[in-house]
Amino acid sequence: MRAWRVTAHGEPEHVMSLDEVPVPAPGPGQVLVRTRAVSVNFPDALLARGQYQVRPELPFTPGIELCGDIAALGEGVTGLEVGQRIVATDIGVMAEYASVPAAAVHPAPEALDDAAAAALLIAYQTAWFGLHRRAGLQSGETLLVHAAAGGVGTAACQLGAAAGAKVIGVVGSAAKAPVAKAAGASEVLLRDETWIDAVKGLGGADVVFDPVGGSAFEGSTKCIAFEGRIVVVGFASGEIPPVRANHALVKNYSVLGLHWALYQQRRPELVAEAHQELTRLAATGAIRPVVGDTVAFEDAAAAVQRVAGGTTTGRLVVEVAK
């Protein structure tokens, strides 16, 4: 089979190569998947650079999220069937076949095509756990979403709107504003010197969903409402901001961390429950991953580089097979 591999650490377009490798055999508790589509995530760029929290031994296959068909079941796997269309997460799926843990496999929603299904799990699970499990978002509250035109940002906007919240999106350029608006943001602000006062003028944010960090987090502490909750999802800006405990005390707000992969490790039943709810919402049309572009399998390295550059909107998906 063909598989993309990272052969050294560096920029994705320079260190990724498309190689011929053997088709893997599923081990105990694993599932072999024939890949239909792989969504590109920012961690793919971090993996290539050697900056991710997990550092696979070189050479390795990147890609952490796919839609595909089960080709074979490993020993001890139950509840899944050969030929079943599924979605799954695991490092090493940017290939024509991939072996993944059965615990990371879920039925693909029938309402979503391959590209949209490939882009569902990580972004929407992250947004779901951040908004509902960690922040307890309520109908009528104001939700502020940073990077609202990105993959996880559009997911948060859609889920916030579906929950009955007033969604304010912050984006990096005017060109990205329509994407956030279409995802459910009733107000869209540019990330300039005026967005903090604008949020204050709208009554402040009850919940902040922040995958950016840096100045986005610092600004959020200035416009957070009484008893507000800031959910720290990531640091796409490259800057990890300090959390000032005295400021949180004086303004009476909470800072909540979200490491979604820990739920997959420690509370997989909650992940399965969330997937059922996301599947229901997809069937009703309340949510649908925003796929900004699809590219051929041969162009995967360039796609990872595009995501690394932060210029994409929605999700970028690599088509592997049809």
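Residues numbered from 1 in each chain as written. Predicted model: local features only at pLDDT ≥ 70, side-chain atom pairs only at ≥ 80, totals over all residues. Heavy atoms only, no water.

Visitor: Lay out the overall build of the protein in plain terms, naming residues and giving numbers.
Guide: When its secondary structure is counted, the protein shows 12 helices and 15 strands. Taken over the C-alpha trace, the protein has a radius of gyration of 19 Å; the compact-globule value for 322 residues is 20 Å, and the two agree within 12%. A principal-axis box enclosing the C-alpha atoms of the protein has dimensions of 60 × 40 × 35 Å. Evaluated residue by residue, the protein yields a buried proportion of 53% over its 322 residues. Within the protein, contacts between residues at least 6 apart in sequence are counted, and of these 67% link residues at least 24 apart. When the accessible area of the protein is evaluated, it comes to approximately 13,400 Å², of which 51% is carbon and sulfur surface. (Helix = DSSP H or I, 4+ residues; strand = E, 2+ residues; numbered from the N terminus. Rg over C-alpha atoms; globule rule 2.2 N^0.38 Å. Buried < 20%, exposed > 50% of the residue type's maximum accessible area, 1.4 Å probe, protein only. Contact = heavy atoms within 4.5 Å. Areas by Shrake-Rupley, 256 points an atom, 1.4 Å probe, with all protein chains shown as cover.)

Visitor: How would you explain the state of the cysteines if you had to name every residue and give the values?
Guide: Scanning the model with the defined rule gives 0 disulfides in all. Summary of cysteine pairing: C157 is not part of a disulfide, and the nearest cysteine sulfur, belonging to C223, is at 15 Å. Judged by relative accessible area, C157 falls into the buried class, the value being 0%. (Disulfide = S-S within 2.5 Å.)

Visitor: Requested: an account of the packing of helix α4 (residues 121–134) against helix α5 (residues 151–162), with residues and values cited.
Guide: The description of two packed helices rests on the angle between their axes and on the distance between the axes. For the pair α4 and α5, the least separation of the axes is 8 Å and the interaxial angle reads 50°. Classified by the interaxial angle, the pair formed by α4 and α5 is oblique. For the pair α4 and α5, the crossing hand works out as right-handed. For the pair formed by α4 and α5, the contact residues are A123, Y124, T126, A127, W128 and L131 on the first element and G151, V152, A155, A156, Q158, L159 and G160 on the second. Looking at side-chain class alone, the contact of α4 with α5 contains 9 nonpolar, 4 polar and no charged residues. (Axes fitted to C-alpha atoms, helices over the stretch in contact; angles between N-to-C directions. Parallel < 35°, antiparallel > 145°, perpendicular 65-115°, else oblique. Left-handed = near helix turned anticlockwise from the far one by under 90°. Nonpolar A, V, L, I, M, F, W, Y, C, P; charged D, E, K, R; others polar.)

Visitor: Describe the pattern of salt bridges, listing the residues and the values that go with them.
Guide: Taken as a whole and judged by the stated rule, the model has 15 salt bridges. Between D69 and R36 there is a salt bridge, with the nearest N and O atoms lying 3.0 Å from each other. Highlighted residues: D69 in strand β4 (residues 65–73) and R36 in strand β3 (residues 30–40), separated in sequence by 33 residues. Take D69: its relative accessible area is 12%, and that puts it in the buried class. The exposure class of R36 is partly exposed, given its relative accessible area of 21%. One salt bridge in this structure joins R244 and E218, with 3.4 Å as the shortest N-O distance. (Salt bridge = Lys/Arg side-chain N within 4 Å of Asp/Glu carboxyl O.)

Visitor: Any details on the packing of α4 against helix α11 (residues 268–284)? Residues and values, ideally.
Guide: Between α4 and α11, the shortest axis-to-axis distance is 10 Å and the interhelical angle comes to 105°. The angle between α4 and α11 falls in the class roughly perpendicular. Contact residues: L121, Y124, Q125, W128, F129 and R133 in α4; L270, V271, A274, H275, E277, L278 and L281 in α11. Its residues assigned to classes, the contact of α4 with α11 shows 9 nonpolar, 2 polar and 2 charged.

Visitor: With reference to specific residues and values, describe the pairing of strand β10 (residues 187–190).
Guide: In the sheet, strand β9 (residues 166–171) pairs with β10 via 4 bridges, with the strands oriented parallel. Across the sheet, residue I168 finds its bridge partner in β10, namely E187. Assessed by its sense of winding, the connection that carries the chain from β9 through helix α6 (residues 177–182) to β10 is right-handed. (Pairing = 2+ DSSP bridges. Right-handed = clockwise from strand over helix to strand, strands pointing away.)

Visitor: Any details on the environment of T312? Residues and values, ideally.
Guide: Among the secondary structure elements, T312 is positioned in the loop between α12 (300–309) and β15 (315–319). For T312 and Q53, which are 259 residues apart along the polypeptide, the C-alpha to C-alpha distance reads 23 Å. If near-sequence neighbours (up to four positions away) are discounted, T312 is found in contact with K176, R306 and V307.

Visitor: How would you explain the packing of aromatic side chains if you had to name every residue and give the values?
Guide: How two aromatic rings sit relative to each other is set out by the distance from centre to centre and by the angle between their planes. Summed over the entire model, instances satisfying the criterion amount to 1 aromatic pair. Aromatic side chains F129 and Y263 sit 4.4 Å apart centroid to centroid with 40° between the ring planes, which places their arrangement in the tilted category. In this pair, F129 is assigned in helix α4 and Y263 in helix α10 (residues 260–266), connecting sequence segments 134 residues apart. Y263 matches F129 in its accessibility class, with the two residues each being buried. (Phe/Tyr/Trp six-rings, centres within 6.5 Å; stacked < 30°, edge-to-face > 60°.)

Visitor: Break down the sheet that holds strand β8 (residues 142–146) for me, citing the residues and quoting the values.
Guide: One open sheet accounts for 6 strands, arranged β10-β9-β8-β11-β12-β13; its pairing is parallel. Since the sheet does not close on itself, it has two edges, and those belong to β10 and β13 (254–257), each with one partner. Strand after strand, the sheet turns through a mean of 20° between neighbouring axes, direction not considered. Judged from the 5 bridges that link them, strand β11 (residues 205–210) and strand β12 (residues 224–232) form a sheet pairing that is parallel. Within β12, the position partnered with D210 by the bridge is V232. Sheet strands in contact with helix α8 (residues 215–223) are β8, β11, β12 and β13, and its direction is about 160° off that of β12.

Visitor: Describe α5, listing the residues and the values that go with them.
Guide: Here α5 contains 12 residues, and its C-alpha end-to-end distance of 17 Å stays within 8% of the 16 Å for a straight helix at 1.5 Å per residue. Summarising burial for α5: 9 of the 12 residues are buried, a large majority. Inspection of α5 places G151, G153, T154, A155, A156, C157, Q158, L159 and G160 among the buried residues, and these make up the whole buried set. Two residues or fewer after α5 comes G164, characterised by a positive phi angle close to 90°. (Expected span 1.5 Å × (residues − 1).)

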